[in-house]
Amino acid sequence: MKEFDLNLARVFVLLYETGSVTATADTLHVTQPTVSYSLGRLRRHFGDELFRRTGRGLAPTADARRLYEPLRRALTEIDGAARQADDFDPGSMSGRFTVALTDLGEATLLPRLLATARERAPGVSFTIRPLDVDEAEGQLRRGDLDAFVATPVLSPQQIVRIPLFRERYVGMVAAGHPRVRGESVTLTDLAEESHATVFGPSGHITPRAVLASHGLLDRVALEVTRLSILPYVLEQTDLIAIVPEYVGEVFTASHQVRLVRLPFDTEPIEVALYARHESSRSPAQRWLVHFMSEVLGEQVSPAQLPPWSGDRG
């Protein structure tokens, strides 16, 4: 077999993950004709078409699917040994990153992320886009996003999921709610009260699922698309909402709402960072993923705290 150029492996992996000559060229900082030429060499080397054009981009052949994982693993090991992430110096270099967050991520995670970035990487800037879980994977593969943060578990072959932290759910009501006065609510309370919940593209489905499992969907009086609107609604009404505890804590600091313990356990949600595989990231993207993992992964999860006392001061 002819000698195989390692750069061809990188082109192959990126074409597989992005399904796009344009996105591959942008990531490698080369021209599209250069990528097309490399694809031609790959086809001749392996004696296979490897990728077929479809209405949604390049689709891998059976041989390409067989080759992808061993080539990706090899690149990851080589890149780790070469420490290419050192090519991006956040203290002296500039870069713009596009990250998708939910509205809650914008309210609770973005301030923490940006404050640290201003200290460590003053030349770095961010464009924040609203998260659409149905579109985010494709946006990441095409290079429209550098990373996104989400709670739904996505496990496609072309991207990697990096857990950040876990948190549990609580109830949230107006500080002066006329009936819910204690530190907790019963299932009977939930059945008698009217609820506000969220249904939309952010993928935050657990509160509705919890209500459905207890036959309480008919008690939903308000359905919105963004969780961040809930504290404005609750402080002016007698509705109750189920929210992640850390988010609820943020809301209690700026709104006339308070948190109550639920009468049942809910599966803690795991907030995760999604990005391309390390071998497919640019040096700047490698820094971004490491930075976001470090800064947001430090977030103390309520699920890791001692049992909640209900004392909010």
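Everything discussed here concerns the structure shown above.
Residues numbered from 1 in each chain as written. Predicted model: local features only at pLDDT ≥ 70, side-chain atom pairs only at ≥ 80, totals over all residues. Heavy atoms only, no water.

A. Summary view of the sheet that holds strand β5 (residues 147-150). Here five strands make up an open sheet; going across it, the order is β4-β3-β5-β12-β6 and the pairing mixed. Single-partner strands in this sheet number two, and they are β4 (124-130) and β6 (159-167). With direction set aside, neighbouring strand axes in the sheet form an average angle of 25 degrees. (Pairing = 2+ DSSP bridges. Helix = DSSP H or I, 4+ residues; strand = E, 2+ residues; numbered from the N terminus. Axes fitted to C-alpha atoms, helices over the stretch in contact; angles between N-to-C directions.)

B. Here's a closer look at helix α1 (residues 6-18). The terminal C-alpha atoms of α1, which comprises 13 residues, lie 19 Å apart, in line with the 18 Å expected from a rise of 1.5 Å per residue. For α1, the buried fraction is high: 11 of the 13 residues fall into the buried class. Residues of α1 that are buried: Leu8, Ala9, Arg10, Val11, Phe12, Val13, Leu14, Leu15, Tyr16, Glu17 and Thr18. Note on α1: the residue one or two positions beyond its end, Gly19, has a positive phi of about 65 degrees. (Expected span 1.5 Å × (residues − 1). Buried < 20%, exposed > 50% of the residue type's maximum accessible area, 1.4 Å probe, protein only.)

C. Local environment of helix α7 (residues 133-142). Within α7 the residues assigned to the buried category are Val133, Ala136, Gly138, Gln139 and Leu140. Contact partners of the buried residues in α7: β5, β6 and β12 (269-276). Phi turns positive, to about 90 degrees, at Gly143, one or two residues after α7. (Contact = heavy atoms within 4.5 Å.)

D. How the structure looks around the sheet that holds strand β11 (residues 257-260). Within the open sheet, the three strands sit side by side as β10-β7-β11. Their pairing is antiparallel. Looking at the sheet topology across the chains shown, the edges are occupied by β10 (241-244) and β11. Going across the sheet, the axis of each strand differs from the next one's by a mean of 45 degrees, ignoring polarity. The sheet contact formed by strand β7 (residues 169-174) and β11 spans four bridges and is antiparallel.

E. How the structure looks around the environment of Val257. Within the secondary structure, Val257 is located in strand β11. Expressed as a C-alpha distance, the spacing of Val257 and Pro244, which sit 13 residues apart in the sequence, is 14 Å. Apart from residues no more than four positions distant in its own chain, Val257 is found in contact with Met172, Val173, Ala174, Ala175, Pro231, Leu234, Glu235, Phe251 and Thr252.

F. Region of the structure containing the packing of α1 against helix α2 (residues 21-28). Orientation of α1 relative to α2, taken along the N-to-C sense of each, is 130 degrees, at an axis distance of 8 Å. With respect to α2, the element α1 is oriented oblique. Regarding α1 and α2, the two cross each other, and that crossing is right-handed. For the pair α1 and α2, contact is made by Arg10, Val11, Leu14, Leu15 and Thr18 and by Val21, Ala23, Thr24, Thr27 and Leu28, respectively. (Parallel < 35°, antiparallel > 145°, perpendicular 65-115°, else oblique. Left-handed = near helix turned anticlockwise from the far one by under 90°.)

G. Spotlight on the pattern of salt bridges. Summed over all chains, the structure comprises 12 salt bridges. For Glu69, the salt bridge goes to Arg73, with nearest N and O atoms at 3.8 Å. Linking Glu69 with Arg73, this pair stays in helix α4 (residues 62-82), spanning four residues, or about one helical turn. Looking at Glu69, the relative accessible area reads 22%, which means it is partly exposed. Taken together, the shared-partner salt bridges in this structure form one network comprising Glu69, Arg72 and Arg73. (Salt bridge = Lys/Arg side-chain N within 4 Å of Asp/Glu carboxyl O.)

H. Just the layout of surface pockets, in detail. Volume-wise, the largest pocket comes out at about 390 Å³. Taken together, 16 residues line the largest pocket, and the ones lying closest to its centre are Thr18, Arg56, Gly138, Arg141 and Arg142. Breaking the lining of the largest pocket down by element, the ones donating at least two residues are α1, β2 (57-60) and α7. Looking at the lining of the largest pocket residue by residue, the class counts come to four nonpolar, six polar and six charged. (1 Å grid on protein atoms, 1.4 Å probe; cavity = no way out; pocket = protein on both sides within 12 Å on 5 of 7 lines; lining within 4 Å. Points joined across faces, edges and corners; volume = space filled by probe spheres on them. Nonpolar A, V, L, I, M, F, W, Y, C, P; charged D, E, K, R; others polar.)

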